[in-house]
Structures are given as C-alpha cells and as structure tokens.
Amino acid sequence: MKINKSIYGLALAAPFALLQSAYAGQRPNIVFFLVDDFGWTESSLPFGEETYPNNLRFKTPNMERLSQMGTMMTNAYACPVSTPTRASLMTGMNPAHMKITSFISLYKDVVPDAIGGHPGATNENLGDIFAHPEWNYNAFCPVSLEPERETYGLNHTLYATPMVEILRDAGYHTIHVGKAHWGPAGTPGSNPYNMGFVVNIAGSSNGHPKSYLPEDNFGNLPGKGDYGSVQNMSQYYGTDVHLTEAMTREALKTLENPIRQKIPFYLYFSHYSNHTPIQRDKRYIQPYLDAGMDEGQARYASMVEGMDKSLGDVLDFLETKGVADNTVIIFYSDNGGHSVGNEKGGDLTLRIFRYAKGKDRFMKVAFVFLCSFAGLARLVPERVSIRLFQRRMSFLQFLKWLG
C-alpha cells in the first residue's frame, strides 16, 4: 500500500521514521497499550519538565522499565475525551474532519453533549449562540457497511476504512481487548468484529465498566445488567480477580496461537482503567492507605498500579515467548486525567493544569514508544523526545510497515 510521501514526512515523529529500515523485509508484531483517563503526572515516571509531587506518590515500575527500553515522548497529545481519540487512531483523520469531537452516548441517535446548554437537545433553535454545529454523534462505521445505512438507520455517522481491517487483510492476527467506544449500542461501529478484529474480548459500546469488581460480576448481577456492563467475562464472576487482571489473562491467551503459528499480530489492549468508577484493586491499595492517602486517592492509585502490573505481564510474556525482539509496543492515554467529581479524592488529578480531561484543548498525555530489536540504541538514540506526537500518526506508520 502506498502512502502519500508528503503527508508521511510531515506527520511522523521520530522514532517512527527511523524504524522502517530496521524492519525491512519483515512485519513486526504490534501491541497498542491504551489506558483510559490517565493523567501525565499520575505515574512514578515523570512526563513533565520536572518530577512533580504526584509522581512520588504512584508506583509504576513497568512504565519506568518500558521507558528504559524505548523512547518516551513528552510532547504527545490526544483529544479532550475518549471517542475522538479512538476514532482518530482507527482512521488517521483529524477529529474536526471526522466531525467526531465528543464522546458518544450508549444509545443510538442520542446526542451526549450539551447542545444549547441542554444534553440531548438538537439544533432546532438556530438563534442560540451556544448551539453546536452538526456532528457525527453516532460516531464511526466501516465504509464497507455504508450500503446498509438504511438497514441500520444510521445518520450522523462517519464512514471510513478502519486501520485494523487493513492490518487484518494484510495477514495480521488482529486482537481487541477491553474498551472499544467507536459507536453506540445497536450500530455496527460498536462491534469490534466489524472493525477488522478477528478476536474480541470485552469490547462493546460502553465507555466505562459498570464495575471492575468480580463480586459485582463486572456489572452483570441479576437484574442489574445494562449496556454499561462488561460482556463475555463470566468465567471471572464471583472470583477474586479484578477486571484489569482478568483482561490481562485473556489478552495473553489470545497471543498463544499467532505466536505458535508465526503469524504477525496486532494486539489493541484498551484498558477500561483508569476510568470511573474509581474502585479498589485490593492487591495494591493497602500501602497507599498506610502512606496517608484518603480512600479515593488510594483507590485510584491502586488502579494505576494494577494497570502497570498488566503492562509488566505483557512485557514478560513477549520476552518468555521469544518475540520481544520483533514487537513494537506503544503505550498511550486516550485523554487527560479525570478532572471532575470527587471519586479520586484529594488532589491527585490534573485540575491544577490545563491538560485535564474535558478541557477545551488537546490533552497532553503519557506516551512511550518501545521498539526492541538489535541496534535499537543506534537507530533510536533518544530515550526522551520532546518532538510533537499526535494520535493519527500511528495510523500512517502501521500502514507504512505493511509496505
């Protein structure tokens, strides 16, 4: 597949451009490790110009480990909320061009933002100075299904070719784990299989889990389930396995087959964590309470450490299976840290910064690029890069690797 060279040259930041020669003649495995609502001071790995007090309160040793193996981009940006970032990663398009500039509702044809100051309102009052322009609030649908527009009753929808469909057609084993959030329930975009994934674990229309807790059946207690409940994880109901850990176990299982058959894989590991509800990961919470954090702070910090443990499990698995040297790993956050409400307790959010979720600007986010192969130090000399990175750049590079 040919990529417009001028676009490619303008868009891609190092170290992406340096890696093409290293992977000449082969297609690397790709792990895209996406974290939800993760602020750039909410780790023990500093992403700012200095180490902030919050950095000293979190424990993310595997993020630190990843940064030592690859390149950390300290000038990386995402959208203020979830769906625009996720759709941009899938299409390579700017959110304004997609006309997807807000998160989507769980339900088709429901406008989730406050048009004219009223959630769910339409633009009937054209004289309202606060009225939003029309946008694709049914979000994203594969262009192959556009002929079925009337069948699904889909308007206000972007039709485009998903990047994962291209990877699948090029021979990649494509795996989705976790949060999808590309389309409301009842639309084709809500189903990762329609996007080109051959495996889907726990992905649907929901933007966050109803519960992370196995005693709640991840939101599927009898009579209490709804579209926000996490699907297809019943094997962990009633156990002591937190949702983050459960998804990690399932993700690693899905890699066994492509590794055994020597098929290149694309693992899109999209954690629900650290989105609300802010709930305990009991494996990690006690030291934070002992350190004097309030309940909300400790809950959130335990979720962050659980996410970091998941990252470490993925790194360990790739090394054990002998495929780490041909695997690209990208760690990214979909938007800034959660900045409204009090669930996170104290002041562990980015409320003191401009770069918090829901602000009226692109979000500065945590981004680490790892490419582990012989000659890494020579080809990617920067361990910390201040070069600009935006989410759509990864789309272009993935296609470049396909030749």
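My aim in this report is to walk through the structure given alongside it, one point at a time. (Residues numbered from 1 in each chain as written. Predicted model: local features only at pLDDT ≥ 70, side-chain atom pairs only at ≥ 80, totals over all residues. Heavy atoms only, no water.)

Check the secondary structure of the protein chain and you find 12 helices and 13 strands. Here the protein chain holds 403 residues, and 60% of them are scored as buried. Restricting the contact set of the protein chain to residue pairs at least 6 apart, pairs at least 24 apart contribute 71%. Carbon and sulfur atoms provide 53% of the accessible area of the protein chain, an area that totals close to 16000 Å². (Helix = DSSP H or I, 4+ residues; strand = E, 2+ residues; numbered from the N terminus. Buried < 20%, exposed > 50% of the residue type's maximum accessible area, 1.4 Å probe, protein only. Contact = heavy atoms within 4.5 Å. Areas by Shrake-Rupley, 256 points an atom, 1.4 Å probe, with all protein chains shown as cover.)

By the element assignment, Y159 lies in strand β5 (residues 158-160). The spacing of Y159 and M98 is 61 residues in sequence and 9.1 Å in space, taken between C-alpha atoms. Excluding anything up to four places from it in sequence, Y159 contacts C141, P142, V143, L145, E146, R149 and L154.

Formed by 53 residues in total, the largest nonpolar core has its most connected members in M233, L255, L318 and F331. If you tally residues by element for this core, the top one is helix α10 (residues 295-320), at 11 residues. In this structure, M90, Y172, Y268 and V328 belong to the second largest nonpolar core, which totals 27 residues. (Core = buried A, V, L, I, M, F, W, Y, C linked by side-chain atoms within 4.5 Å.)

On to the pairing of strand β6 (residues 173-178). Extensive coverage of β6 is indicated by the burial of 6 of its 6 residues. Taken together, the 6 bridges between β6 and strand β8 (residues 265-270) define a ladder with parallel strand orientation. Note that in β8 the partner of G178 across the bridge is S270. Relative to strand β7 (residues 199-201), β6 is paired through 3 bridges, and the arrangement is parallel. Within β7, the position partnered with I175 by the bridge is V199. (Pairing = 2+ DSSP bridges.)

On to a nonpolar patch on the surface, then. A contiguous nonpolar patch, built from Y107, V110 and Y227 and spanning about 290 Å² of accessible area, is present on the exposed surface. In this fold, Y107 is placed in the loop between α5 (95-98) and β4 (140-142). (Patch = residues over 30% accessible without salt bridge, like charges linked within 9 Å, V, L, I, M, F, W, Y side chains within 5 Å. Salt bridge = Lys/Arg side-chain N within 4 Å of Asp/Glu carboxyl O.)

Now for the pairing of strand β1 (residues 29-35). The element β1 is extensively covered by neighbouring structure, given that 7 of its 7 residues are classed as buried. Burial along β1 is two-sided: the residues N29, V31, F33 and V35 and I30, F32 and L34 are all buried. Here β1 pairs with strand β9 (residues 327-333) via 7 bridges, running parallel. Opposite F32, over in β9, you have I330 as the bridge partner. Pairing of β1 with β8 involves 5 bridges; the strand directions are parallel.

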